Amino acid sequence: MSDTPPLDSRLLSVLVCPVTKGPLTYNTETNELISKKAGLAFPIRDGIPIMLPDEARRLES
């Protein structure tokens, strides 16, 4: 487990996927925000979600 602080639940409640505008879920193991509809995982670096599609990792099917 990393020393990264957990994502603030208030922040998660207002963030949406920049591609689909759909909901995101927080994966504590990978420290990423997951958009199942877009098939993307957005990284969180130093507690800041990086919501750029070019920075996101494609989810495996």
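Residues numbered from 1 in each chain as written. Predicted model: local features only at pLDDT ≥ 70, side-chain atom pairs only at ≥ 80, totals over all residues. Heavy atoms only, no water.

Draft legend 1. Region of the structure containing the side chain of E32. Here E32 lies in strand β2 (residues 32–35). On the accessibility criterion, E32 (9% relative accessible area) is buried. Of note is the side chain of E32, whose polar atom sits 2.9 Å from the side chain of T30. Engagement of the side chain of E32 in a polar contact is seen with the side chain of R57, the distance being 2.7 Å. Discounting residues that sit within four places of it in the chain, E32 has contacts with T25, Y26, N27, A41, F42, P43, I44 and R57. (Helix = DSSP H or I, 4+ residues; strand = E, 2+ residues; numbered from the N terminus. Buried < 20%, exposed > 50% of the residue type's maximum accessible area, 1.4 Å probe, protein only. Polar contact = N/O pair within 3.5 Å; in protein donor to acceptor, adjacent residues only side chain to side chain. Contact = heavy atoms within 4.5 Å.)

Draft legend 2. Looking closely at the environment of A38. Within the element layout of this structure, A38 appears in the loop between β2 and β3 (40–45). Distance in space between the C-alpha atoms of A38 and L24 is 10.0 Å, their sequence separation being 14 residues. Setting aside residues up to four positions removed in sequence, A38 forms contacts with C17, V19, T20 and R58.

Draft legend 3. Local environment of the pairing of β2. Burial along β2 is two-sided: E32 and I34 facing one way and L33 and S35 facing the other are all buried. Both strand β1 (residues 25–27) and β2 contribute to a ladder of 3 bridges, which runs antiparallel. For T25, the partnering residue across the bridge sits in β2 and is I34. Counted between consecutive antiparallel strands, the loop separating β1 from β2 contains 4 residues, among which N31 sits at a positive phi close to 55°. In this structure, β2 lies alongside β3, joined through 4 bridges in antiparallel fashion. When the bridges of β3 are listed, L33 appears paired with F42. In textbook terms, the turn of a hairpin is the stretch between consecutive antiparallel strands, and for β2 and β3 this stretch comprises 4 residues, one of which, G39, has a positive phi near 70°. (Pairing = 2+ DSSP bridges.)

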